[in-house]
Amino acid sequence: MKYLNEDQELMLASIKEFVRNEIEPRVLEEMEIGNKCPLDLFDRARELGISNMMLPEEYGGIGESMVMHVAVVEEFAKVNLALSIACPQNMIAAMMLRVGTPEQKEAYMDELVNKGAGFSFTEPCAGSDASGIQSTAVLDGDEWVINGQKTWISFMTASEWTLCSAKTEHGVSSFLLNTNSPGVTKSKPFHKLGMHGSDTGELFLDNVRVPKIALIGKEGKGLHNVLGVLDEARLAVAAAAVGLAQEALDKAVAYSKERVAFGRPIASFQGLQWYAAEMATKISAARALVYEAAQEYDAGLPFGVTSAKAKFFAANVAQEVTNKAVQMCGGMGLMDDFGMERFYRDAKVCSITEGTDEILKLVVARDVFA
């Protein structure tokens, strides 16, 4: 099924060139083996309008659709999972447009558009249980004083700003803070199974002062802000899972056409053909769910449940597809310079980040039994 119009197809073609020509050559040595975060690629994505394409024109965007966004994410994920989730959309800026006051937009939008922002929700004792955070924010005159610890913060150095959750007198609230502020300490990056190239780590907040205006949305309504952004983030992960699964299938099929065993290409063996048929079918089904959620978003409809379905299903499809793709490629599938083992590792990340499979099943089950 065709999801993009002619203009979007042309835009996507140019983005594919950027991904293949400027990102892919740097993935293995720099991002996978070196585990370095390529900050200049974030600047390049903003320069090309990729990061802010869903924002209105008055804020430097082109007002593109979520359908276009998931198409872009899929292309990024074919070469690197981390950048596919972080580069193509400025979710915090989009949230600011939805819930920010005119004063906040005046104060922060230029910074968010030009420098981007990350998320600081998870804590050592609060992951899936978002309401269980222990960080606090206390109003002191015209400033909020924030204390606590945040973990699993992706791309700590890629942007100066982060949306941080903390408990206030009236519940969980959201604050926009600069990670270079006094009192903010960053840990060393984690060594992870997958999603290499993202300098994921922890933030320690010791009497960090932010102005009163940094409270985003209403006090005590921070979880509402978080969940709204999380639905979008889950959809991005779902699209990324589809992209890496598609690339794994394409690479495995190409290899099987060249690899000769028992006097003929292994692609001629029915066992591998059935593998590929199952993989292709499930990828198509996952992609259809992703675009269904994206179309709901663009239509202004509730899309959270469909996003949860898409993310849960696509992440599991990616794991199954990459597992079979490694098997199809045999020993070559284990080599880091071939790339297949990276897809295998990254696929597992998709079933954990932005909501575990178990949490997403709860989201869907509540809707089913409503």
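Refer to the structure above for everything that follows.
Attention here is on the structure that accompanies the text. (Residues numbered from 1 in each chain as written. Predicted model: local features only at pLDDT ≥ 70, side-chain atom pairs only at ≥ 80, totals over all residues. Heavy atoms only, no water.)

**Here's the deal with the overall build of the chain**
Note the following rule: Helix and strand labels come from DSSP, where a helix needs a run of H or I of at least four residues and a strand needs a run of E of at least two; each type is numbered from the N terminus. Here the radius of gyration uses the C-alpha set of atoms, whereas the globule reference equals 2.2 Å times the residue count to the power 0.38. Buried, partly exposed and exposed residues are distinguished by accessible area as a fraction of the type maximum, computed with a 1.4 Å probe on protein chains only: under 20%, between the cut-offs, and over 50%, respectively. Any two residues whose heavy atoms approach within 4.5 Å at even a single point are treated as in contact. In short, Shrake-Rupley with a 1.4 Å probe defines the accessible areas, and a residue's cover is counted only from the protein chains shown. Charge counting follows a simple rule: Lys and Arg are positive, Asp and Glu are negative, and His as well as the terminal groups are ignored. For the purpose of locating charges, the reference atoms are NZ of Lys, CZ of Arg, CG of Asp and CD of Glu.
Within the chain, the secondary structure is distributed over 11 helices and 10 strands. Scaling as 2.2 N^0.38, a compact globule of 370 residues should have a C-alpha radius of gyration of about 21 Å, and the chain matches this with 21 Å. Dimensions along the principal axes, computed over C-alpha positions, put the chain at roughly 80 × 45 × 40 Å. A total of 370 residues make up the chain; the buried ones form 52% of that total. Long-range contacts, defined here as pairs at least 24 residues apart, represent 73% of the contacts in the chain between residues at least 6 apart. With the model as given, the accessible surface of the chain reaches about 16600 Å², and the carbon-plus-sulfur share is 54%. Each charge sign in the chain was given a centre, from 35 positive and 50 negative side chains, and these centres are 5 Å apart.

**As for the pattern of salt bridges**
Defined as follows: For salt bridges, the criterion is a side-chain nitrogen of Lys or Arg within 4 Å of an Asp or Glu carboxyl oxygen.
Inspection of the entire model under this criterion finds 21 salt bridges. The residue R44 makes a salt bridge to E22 at a minimum N-O spacing of 3.0 Å. In this pair, R44 is assigned in helix α2 (residues 39-47) and E22 in helix α1 (residues 6-33), connecting sequence segments 22 residues apart. The salt bridge involving R345 is made with E341; its shortest N-O contact spans 2.8 Å.

**As for the packing of aromatic side chains**
As a reminder of what qualifies: Two aromatic rings from Phe, Tyr or Trp, using only the six-membered ring of Trp, form a pair when their centres are within 6.5 Å; if the ring planes differ by under 30 degrees the pair is stacked, by over 60 it is edge-to-face, and anything between is tilted. Whether a charge lies above a ring is judged from NZ of Lys or CZ of Arg, which has to be within 6 Å of the ring centre and within 35 degrees of the ring normal.
Evaluation of the coordinates by the stated rule reveals 10 aromatic pairs. Lying across the ring of F338, K251 places its NZ or CZ 5.1 Å from the centre. The ring of Y275 is capped by K324, whose NZ or CZ atom sits 5.5 Å from the centre of that ring.

**Concerning the pairing of strand β2 (residues 136-140)**
Note the cut-off: Any two strands are treated as partners once DSSP identifies two or more bridges connecting them.
In terms of strand pairing, β2 meets strand β3 (residues 143-153) through five bridges, oriented antiparallel. Within β3, the residue paired with V138 across the bridge is V145. In textbook terms, the turn of a hairpin is the stretch between consecutive antiparallel strands, and for β2 and β3 this stretch comprises two residues, one of which, G141, has a positive phi near 70°.

**Brief notes about the environment of V184**
Position of V184 among the secondary structure elements: in strand β6 (residues 184-186). Remark: the alpha-carbon pair of V184 and D206, spanning 22 residues in sequence, is separated by 6.5 Å. Setting aside its immediate chain neighbours within four residues, V184 contacts L177, N178, T179, L203, F204, L205 and V208.

**A few points about the packing of helix α7 (residues 222-258) against helix α8 (residues 270-298)**
Angle between the axes and distance between the axes are the two parameters that describe a pair of packed helices. Test applied: Axis definition: a line fitted to C-alpha atoms, over the contacting stretch in the case of helices. Angles run 0 to 180 degrees between N-to-C directions. Roughly parallel here means an angle under 35 degrees, roughly antiparallel means over 145, roughly perpendicular means 65 to 115, and every remaining angle is called oblique. Helix crossings are classified by the rotation of the near helix relative to the far one: an anticlockwise turn of less than a right angle makes the crossing left-handed, while a clockwise turn makes it right-handed. Under the scheme applied, nonpolar residues are Ala, Val, Leu, Ile, Met, Phe, Trp, Tyr, Cys and Pro; charged residues are Asp, Glu, Lys and Arg; polar residues are all the others, including Gly.
In the contact formed by α7 and α8, the axes pass within 10 Å of each other and the chain directions differ by 155°. The pairing of α7 with α8 is recorded here as roughly antiparallel in orientation. Of the two elements, α7 crosses α8, and the hand of that crossing is left-handed. Residues E232, L235, A238, A239, V242, A245, Q246, L249, V253 and S256 of α7 form the contact with α8, whose own contacting residues are L272, A276, M279, A280, I283, A286, R287, V290, A293, A294 and Y297. Tallied by class, residues from the contact of α7 with α8 come to 17 nonpolar, two polar and two charged.

**Re unusual backbone geometry**
Unlike most non-glycine residues, N207 shows phi in positive territory, near 55°. Within the secondary structure, N207 sits in strand β7 (residues 201-211). Its identity is not glycine, yet F262 carries a phi of approximately 55°, on the positive side. Mapping F262 onto the fold places it in the loop between β9 (260-261) and β10 (264-265).

**Points about the side chain of S165**
Looking at the secondary structure, you find S165 in strand β4 (residues 161-168). Discounting chain neighbours no more than four positions away, the residues touching S165 are S120, F121, E123, I133, S135, K150, V172 and S173.

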